[in-house]
Amino acid sequence: MDIPVSDYNLWLKDQAPDLALDTSPFLNEAAFLEALSYKVAYMMHYNIGVLFQYFYKIDILEPQLKVALAAQDVPMAFAKLILEKHIASKALRLKYPPHKPDKDDELAW
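> Whenever I open this one, the packing of helix H2 (residues 29–46) against helix H5 (residues 74–95) confuses me. Can you help?
Packed helix pairs are characterised by how far apart their axes lie and by the angle those axes make with each other. Two elements in contact, H2 and H5, have axes separated by 8 Å at closest approach and are oriented at 120°. If you check the angle between H2 and H5, you find them oblique. H2 and H5 meet at a crossing whose hand is right-handed. Contact residues: H2 offers Glu29, Phe32, Leu33, Glu34, Leu36, Ser37, Val40, Ala41 and Met44, while H5 offers Val74, Pro75, Met76, Phe78, Ala79, Lys80, Ile82, Leu83 and Ile87. Broken down by class, the residue content of the contact of H2 with H5 amounts to 14 nonpolar, one polar and three charged.

So this is what it looks like as structure tokens:
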């Protein structure tokens, strides 16, 4: 699925504001992922509690976190989990768009 890099940041601003980045210098997903991994590393060092709250809010499961913690580059593994979760949620929203009731639906009871 092709998702513009700018869309990643919009989602992050909503779900995990401390992880949001300025997307203007990023032309591709790899560069965005690299910058996100630096932000994750910073939060791991200075504010790990908030980082794990974001993982909970984003709905990253504990088994996934355990696998990422065993990786050689933990911040990059966490960044990939965040990005994968965003792509999955975007795909789900495209597959099942929210129902927008007509004005008559409210009176149809």
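> Is there a simple way to think about the pattern of salt bridges in this case?
Side chains carrying opposite charge are able to pair once their charged atoms draw close together. Per the counting criterion, the structure on display carries two salt bridges. Across the pair Lys85 and Asp59 runs a salt bridge whose closest N-O atoms are separated by 3.9 Å. Of this pair, Lys85 sits in helix H5 while Asp59 sits in the loop between helix H3 (48–58) and helix H4 (62–69), placing them 26 residues apart in sequence. What makes Asp59 partly exposed here is its relative accessible area of 43%.

> Would you take a moment to explain the side chain of Ser37 for this structure?
For Ser37, the location among the structural elements is in helix H2. Ignoring anything within four residues of it in the chain, the contact list for Ser37 reads Pro75, Met76 and Ala79.

> What exactly am I supposed to notice about a nonpolar patch on the surface here?
Judged by side-chain polarity, Ile48, Phe52 and Leu69 come together as a nonpolar surface patch covering roughly 240 Å² of accessible area. In this fold, Ile48 is placed in helix H3. Accessibility expressed as a relative area gives 40% for Ile48, which makes it partly exposed.

What counts and what doesn't
Residues numbered from 1 in each chain as written. Predicted model: local features only at pLDDT ≥ 70, side-chain atom pairs only at ≥ 80, totals over all residues. Heavy atoms only, no water. Axes fitted to C-alpha atoms, helices over the stretch in contact; angles between N-to-C directions. Helix = DSSP H or I, 4+ residues; strand = E, 2+ residues; numbered from the N terminus. Parallel < 35°, antiparallel > 145°, perpendicular 65-115°, else oblique. Left-handed = near helix turned anticlockwise from the far one by under 90°. Contact = heavy atoms within 4.5 Å. Nonpolar A, V, L, I, M, F, W, Y, C, P; charged D, E, K, R; others polar. Salt bridge = Lys/Arg side-chain N within 4 Å of Asp/Glu carboxyl O. Buried < 20%, exposed > 50% of the residue type's maximum accessible area, 1.4 Å probe, protein only. Patch = residues over 30% accessible without salt bridge, like charges linked within 9 Å, V, L, I, M, F, W, Y side chains within 5 Å. Areas by Shrake-Rupley, 256 points an atom, 1.4 Å probe, with all protein chains shown as cover.

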